[in-house]
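# Summary of the model geometry
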Amino acid sequence: MTDAASPASPLFSARGVVKHYRLGKVPVPALRGVDLEVERGEVVALAGPSGSGKTTLLNLFGGLDVPDEGAVMLAGRDLGALSEAERTRIRRHQLGFVFQTFNLVPVLTARENVEYPLWIAGTGAAERRRRAEAALAAVGLAERGGHRPDQLSGGERQRVAIARALVHEPLAVLADEPTGNLDSHNGEKVLDLLLRWNRESGATLVVATHDPAVLARLPRRVRLRDGAVVGDER
Amino acid sequence: MRWALMALRNLARNGRRTFISLLVVGTGTAALVLTAGFILFNFRGLEGALVHGGLAHLEVADAAAAAPGQLDRPVTDALADWQALRARLQSLPEVAAAGANVHLMGVASTPAGKSASFVAVGAEPDREKAMGFNTRLRAGAVLPAAPPAEGDDAALLARGLAASLGAKPGDVVTLLALTPDGSLNALDVRVAGVLTTGVQDLDTRFVKLHLATAQRLLQSTGVSDLLVMLREGVPLDAGKRAVARAVAAHRPALAVVDWKARAPFYDQVKNLYLGIFWFLGTVILVLVVLSASNTLLMAVLERTRELGTLRAIGTSRAQLAAIVLLEALWLGLLGGALGCLLGWGATLLINASHLQMPPPPGAVEPIDVELALVPAAFAGTVALMLVVLAVAAVVPIARATRLRVAEALTAV
């Protein structure tokens, strides 16, 4: 894990965050003044119905977007004040992402997909391979590394995506509906993997979900509705 | 895992579209290779025709008469020692053969009363043979190598001139010319044969004589110039320098003129061909750019979510641009290789077909359609295709690198 900023500050903090999207020429509010802090090592669920703003907030935490108003901080650094290249570097080295639709690169094998974050970070081939194989073993897919995504089941694909998100030992993983496309059995396995990683690494896990089964297992649940935080249960 | 391998796999995702793009690039490459082969063959053919048709590689002439643009070569006192000079040139290691020429003009007439103006070259047949000159004889025989005895002079008439005089081999023609001291002299010559120069206009007035016959007609022992043929493989510039060194001390001063300076139309023809090549080439390249750009852009648009994911997990814009650029370069390389294969096969087929084109303006004989197989032209065309494909990738790269990551992740 790498962390260049102050270890005393919360890992993520949102202060008065406002974000609009445009639907044609009409601005649609996605977040309306959100304040939220996520500490290091915490496991937090962003809960709410579709359109509540949980994915938008997750994107802002991940530096995939910047707020229209307010500030989103990562380890004390204002992501909105950074250049696109600096945000890209932060995503590459300090964050991991898990998506609802897995988002694996179809032309790469499972092992190559897991190697990818190390590859773009300039890690040497031998080290890359060693860590990718370890990450695949950790998600129970040591024997499936040579398969392309279309040769894997949905649950396997998501486990490859988790291995990809964890292989470079990020400060935090941001998971957007990670069980949304899985049956309950595979959904549980995926959640098990993420929670086990959190326990073992002490890193932060933020999960956007509306799945009650997932919410029931996460210690902190921040509820959003219509772009505002309406509850924070611990 | 390498960027190039990933790019290659991306191309394979939509095999049919990639195949069509490869065909476009390949056809464009083949067209360029074939055009280049045709033009290069013509350049070589024209060079060979000029050098072996009478110009040789180099000419040594009176410096006063050989100013740039001045092509007339009267008999000159500057070359009074031409035999010694020819021997010196012949001894140079760069030189294959050297020979003397006399240039003259006058009026030819027959006993039947027909007459026509002529231009003539008096040459040494044995030296011309050593220089590899071609005499395109259409009737009769070539001139004998030995200097003819007085009263035994012969001439080769170009076929247009022979026709206008009504002369055939064995007939006698009277040549009338102005000598260097300004008086008129006439000489009866036997028509040994009829030739063609290959140039329609020249065929109406050209006469070929033995050097001794030309000197007898001009009542002179001088020559107009010396021609030098270089050994095979000796670069023209190097040969020219060697010959220039050998005649540097000669007085009066002599000039060494290469064949290109004596055939200014060679560069004109070359520039015309190159102009046509680049015009056709530009049209072909524009079509290739548009087609490849469309293919690459569609590939980028179809992969919006995937490219957004790559950006989300830390791929820089430069790295994303490299992926798209490498896909373009693969198209260029594979399409170029395909085109070279097509071009090579078509070249062999065309050369084996012995096709002919009608004579070009001013020429008297049809041209063989042959294409040169020049590896450098193939390599250069593939390199050009790589550049063209890189240009075709500009818009797709701009599109890929300007994606808004959060929006791209929601693309369907």
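Please read all numbers here as calculations on a predicted model, not as lab measurements.

Cut-offs applied
- Residues numbered from 1 in each chain as written.
- Chains lettered and ligands numbered in written order.
- Predicted model: local features only at pLDDT ≥ 70, side-chain atom pairs only at ≥ 80, totals over all residues.
- Helix = DSSP H or I, 4+ residues; strand = E, 2+ residues; numbered from the N terminus.
- Rg over C-alpha atoms; globule rule 2.2 N^0.38 Å.
- Buried ≥ 20, exposed ≤ 12 C-beta atoms within 10 Å, placed from the backbone.
- Contact = placed C-beta atoms within 7 Å.
- Nonpolar A, V, L, I, M, F, W, Y, C, P; charged D, E, K, R; others polar.
- Core = buried A, V, L, I, M, F, W, Y, C linked by C-beta atoms within 7 Å.
- Axes fitted to C-alpha atoms, helices over the stretch in contact; angles between N-to-C directions.
- Parallel < 35°, antiparallel > 145°, perpendicular 65-115°, else oblique.
- Left-handed = near helix turned anticlockwise from the far one by under 90°.
- Pairing = 2+ DSSP bridges.
- pLDDT = per-residue confidence, 0-100.
- Expected span 1.5 Å × (residues − 1).

Of the regular secondary structure elements, chain B holds 14 helices and 12 strands. Relative to the compact-globule value of 22 Å for 412 residues, chain B shows a C-alpha radius of gyration of 31 Å, a clear excess of over 25%. Dimensions of chain B, computed from the C-alpha atoms along their principal axes, are close to 100 × 50 × 30 Å. Residue burial in chain B is summarised as follows: out of 412 residues, 39% are buried. Sequence separation of 24 or more characterises 81% of the internal contacts of chain B that already satisfy a separation of 6 or more.

Secondary structure assignment for chain A yields 7 helices and 10 strands. At 17 Å, chain A has a C-alpha radius of gyration in line with the 17 Å of a compact globule built from 234 residues. Summarising its shape, the C-alpha atoms of chain A cover approximately 45 × 40 × 35 Å along the three principal directions. For chain A, the residues scored as buried account for 50% of the 234 residues in total.

This paragraph deals with the interface of chain A and chain B. By a frequent convention, interface size equals the accessible area lost on bringing the separate parts together. Taken together, the contact pairs 17 residues of chain A with 16 residues of chain B. Of all elements in the fold, only helix H2 (84-94) and helix H3 (110-120) of chain A reach the threshold of two or more residues within the side of chain A that touches chain B. With 5 residues, the top contributor of residues to the side of chain A that touches chain B is H3 of chain A. Residues belonging to the side of chain A that touches chain B are distributed by class as follows: 9 nonpolar, 3 polar and 5 charged.

Residues Leu46, Ile162 and Val206 of chain A together with Ala328 of chain B are the most contacted members of the largest nonpolar core, which totals 117 residues. For this core, the element with the most residues is helix H2 (residues 15-55) of chain B, which contributes 10 residues. Discounting residues that sit within four places of it in the chain, Ile162 of chain A has contacts with Val98, Val139, Val190, Leu193 and Leu194 of chain A. Formed by 62 residues, the second largest nonpolar core is a distinct cluster that contains Val51, Ala192, Leu218 and Met229 of chain B.

Here we come to the packing of helix H5 (residues 154-166) of chain A against helix H6 (residues 184-201) of chain A. Residue and element names in this part refer to chain A. Viewed as axis vectors pointing N to C, H5 and H6 meet at an angle of 15°, and their least axial separation amounts to 9 Å. When the axes of H5 and H6 are compared, the pair comes out roughly parallel. The handedness of the crossing between H5 and H6 is right-handed. Contact residues: Gly154, Gly155, Gln158, Arg159, Ile162 and Leu166 in H5; Asn186, Lys189, Val190, Leu193, Leu194 and Trp197 in H6. Residues of the contact of H5 with H6, tallied by class, amount to 6 nonpolar, 4 polar and 2 charged.

Two pairing modes exist for strands in a sheet, parallel and antiparallel, and in both the strands are linked by backbone hydrogen bonds. Residue and element names in this part refer to chain A. The antiparallel open sheet is built from 4 strands, whose spatial order is S2-S1-S4-S5. Since the sheet does not close on itself, it has two edges, and those belong to strand S2 (26-38) and strand S5 (77-78), each with one partner. As judged from the 5 bridges shared by strand S1 (residues 12-23) and strand S4 (residues 69-74), these two strands associate in the antiparallel manner. Its bridge partner being in S4, Ala14 is matched across the sheet by Val72. Along the sheet, helix H1 (residues 54-61) contacts S1, S2 and S4; its crossing angle with S1, the most-contacted strand, is approximately 120°.

This brings us to unusual backbone geometry. Cis geometry is adopted by the peptide bond preceding Pro252 of chain B, which originates at Arg251 of chain B and carries an omega value of 0°. Looking at the element boundaries, Pro252 of chain B is found in the loop between helix H7 (236-247) and strand S10 (254-258). Of note, the phi angle at Phe102 of chain A is positive, near 70°, even though the residue is not glycine. Along the chain, Phe102 of chain A falls in the loop between strand S6 (95-98) and H3.

Attention now moves to the pairing of S6 of chain A. Residue and element names in this part refer to chain A. Residues Leu95 and Phe97 line one face of S6 and the alternating positions Gly96 and Val98 line the opposite face, and both faces are buried. Relative to strand S7 (residues 172-176), S6 runs parallel, the two being bridged by 4 bridges. For Gly96, the partnering residue across the bridge sits in S7 and is Val173.

Right, let's talk about the pairing of strand S7 (residues 184-196) of chain B for a bit. Residues and elements named next belong to chain B. The pairing of strand S4 (residues 136-140) with S7 spans 4 bridges and is classified as antiparallel. Bridge pairing links Arg136 to Thr196 in S7. Across 5 bridges, strand S5 (residues 154-158) lies against S7 in parallel orientation. Residue pairing for S7: Ala158 is matched across the bridge by Leu195. Sheet topology note: the strand S6 (residues 172-178)/S7 ladder contains 7 bridges and is antiparallel. Pairing of Ala177 across the sheet is with Asn185, part of S7. Connecting the antiparallel pair S6 and S7 is a turn made up of 5 residues, with Gly182 showing a positive phi of about 95°.

Scored by pLDDT, chain B comes out at a mean of 92, with 98% of its residues at no less than 70. Among the scores for the predicted complex, ipTM is 0.93 and pTM is 0.78.

Right, let's talk about the environment of Asp267 of chain B for a bit. Structurally, Asp267 of chain B can be placed in helix H9 (residues 264-302). Among the residues examined, Asp267 of chain B registers 11 C-beta atoms within 10 Å and is labelled exposed.

What follows concerns H9 of chain B. Residue and element names in this part refer to chain B. Counted at 1.5 Å a residue, the expected span for H9 with its 39 residues is 57 Å, and the 57 Å between its end C-alpha atoms agrees. Three or more residues of H9 are buried, namely Val288, Ala292, Thr295, Leu296, Ala299 and Val300. Elements that come into contact with the buried residues of H9 comprise helix H1 (3-13), H2, helix H10 (304-312), helix H11 (317-353), helix H12 (375-392) and helix H13 (394-401).

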